[in-house]
Amino acid sequence: MMKIKIAIPSKGRISEPSINILEKAGLGLIDKNNRKLISKTFNEDIEVMFARASDIPEFVNDGVADMGITGVDLINENEADVIELLDLRFGQTKLVLAAPEESNINSVDDITEEMKVATEFPVLTKKYLDKKGLSLKIVKLSGSTEAAPFIGIADLITDLTSTGTTLKMNHLQIIDNILDSTIKLIGNKYSLKNKKELIEAVSTSIKGVLDAERKKLIMMNVKNDDLDKVKEVMPSMGGLTISEVLSNEKTVAVQAVIDEKEVFELVNCLRNAGAKDILVVPIERII
Ligand SMILES: Nc1ncnc2c1ncn2[C@@H]1O[C@H](COP(=O)(O)OP(=O)(O)OP(=O)(O)O)[C@@H](O)[C@H]1O
Ligand SMILES: O=P(O)(O)OC[C@H]1O[C@H](OP(=O)(O)OP(=O)(O)O)[C@H](O)[C@@H]1O
Ligand SMILES: [Mg+2]
């Protein structure tokens, strides 16, 4: 019987969201708390392997794992030849080139060849510098890159930023954008052929979770006399389900899937149109 392994980050900021999305997709982890490297899931053909986010691109490239969850920054830094299956819509960040605010580097044009750049991303940084026709020395670090200019080991850095707080706290300013990154579900090229069905099943389930995140199920009771008014204010997407409620007054139950952005306004309109017992319910998956 075919089995697949999905590599997910064992720690760090993208570990928990990765586990959550698998759980919502129906792939709850059975051994997630006992520090095992491999966990079974609710599906006996699908296992999860815990790894560092930075190792996952290579593991999926090499087929150690059939699928994986990791960032675009790390996929590109490792030059992994993997298939991108889904954008998981979290971990938005940018790789930027930055210099001390109090320096005379205000744009790429101010960079000179004797300068050094510190980074956790030497491959992406080298490619970027090559494109700009610059051949600076790259100092490879494995964290706290923002401190490099102030301890005198580099003039510039490239690092990830999302809120911008870390750059600001370290008195650094952005000189250029190098890469936009989010977290992706990726697949091994060969597994995608040999284990197509299982991989597609995982991918479809996770896509269902993502689709559901922005939707709500809305349910209400409506007297027959008010039904036309209610129908008028409901958005047409996907159609309404209308079923008879057994009660003295002629009443129906109406339900529909709506965009979460519409909820606030719609609930008010529905009340004014005569809807009663309005329920707004989260949806786990839409397949
Ligand atoms: N500040 C950030 N905001 C959003 N996403 C980020 C940020 N920093 C990193 N990421 C994304 O998270 C991925 C994993 O980061 P990383 O492995 O560094 O985990 P971490 O949470 O920073 O833990 P660690 O303490 O091990 O560095 C990165 O490759 C990147 O895609
Ligand atoms: O723009 P911000 O929201 O401030 O985020 C940027 C910071 O987040 C990451 O560091 P992380 O917290 O992962 O620490 P690390 O350097 O130990 O990886 C990144 O390396 C930056 O330092
Ligand atoms: Mg980090």
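Structural notes, computed from the coordinates. Note that the coordinates shown come from a computational prediction; the quantities given were computed from them, not determined experimentally.

**Points about the site of ligand 2**
Neighbouring residues of ligand 2: Arg13, Ser144, Glu146, Asp159, Leu160, Thr161, Ser162, Thr163, Gly164, Thr165 and Thr166. Here an oxygen atom of ligand 2 and a side-chain polar atom of arginine 13 are 2.5 Å apart. In the environment of ligand 2, an oxygen atom lies 2.8 Å from a nitrogen or oxygen atom belonging to the backbone of serine 162. Taken by itself ligand 2 offers 500 Å² of open surface, and the protein chains cover 64% of this. When atoms are counted within 2 Å of each cavity's grid points, the one that captures over half of ligand 2 is the largest pocket. If you list the elements that add at least two residues to the shell around ligand 2, you get β9 (156–161) and α5 (165–169).

**Things to note about the pattern of salt bridges**
Counted by the stated rule, this structure contains 12 salt bridges. Here aspartate 259 ties to lysine 215 by a salt bridge, and the two come within 3.4 Å at their closest N and O atoms. Here aspartate 259, found in strand β14 (residues 251–259), pairs with lysine 215, found in strand β12 (residues 215–223); they are 44 residues apart in sequence, far enough to count as distant. The exposure class assigned to aspartate 259 is partly exposed, which follows from its relative accessible area of 23%. When salt bridges with common partners are traced through the structure, they connect Glu84, Asp87 and Lys184 into a single cluster.

**Here we look at the sheet that holds strand β2 (residues 38–40)**
Here 6 strands make up an open sheet; going across it, the order is β2-β3-β1-β4-β11-β5 and the pairing mixed. Each of the sheet's edge strands pairs with one partner strand only, and the pair in question is β2 and β5 (83–87). Adjacent strand axes in the sheet meet at a mean angle of 30 degrees when their direction is disregarded. The pairing of strand β4 (residues 67–71) with strand β11 (residues 183–187) spans 5 bridges and is classified as antiparallel. Across the sheet, residue threonine 70 finds its bridge partner in β11, namely lysine 184.

About the thresholds
- Residues numbered from 1 in each chain as written.
- Chains lettered and ligands numbered in written order.
- Predicted model: local features only at pLDDT ≥ 70, side-chain atom pairs only at ≥ 80, totals over all residues.
- Heavy atoms only, no water.
- Near = heavy atom within 4 Å.
- Polar contact = N/O pair within 3.5 Å; in protein donor to acceptor, adjacent residues only side chain to side chain.
- Areas by Shrake-Rupley, 256 points an atom, 1.4 Å probe, with all protein chains shown as cover.
- 1 Å grid on protein atoms, 1.4 Å probe; cavity = no way out; pocket = protein on both sides within 12 Å on 5 of 7 lines; lining within 4 Å.
- Sits in = over half its atoms within 2 Å of the grid points.
- Helix = DSSP H or I, 4+ residues; strand = E, 2+ residues; numbered from the N terminus.
- Salt bridge = Lys/Arg side-chain N within 4 Å of Asp/Glu carboxyl O.
- Buried < 20%, exposed > 50% of the residue type's maximum accessible area, 1.4 Å probe, protein only.
- Pairing = 2+ DSSP bridges.
- Axes fitted to C-alpha atoms, helices over the stretch in contact; angles between N-to-C directions.

Worth remembering: the numbers are spatial, not functional.
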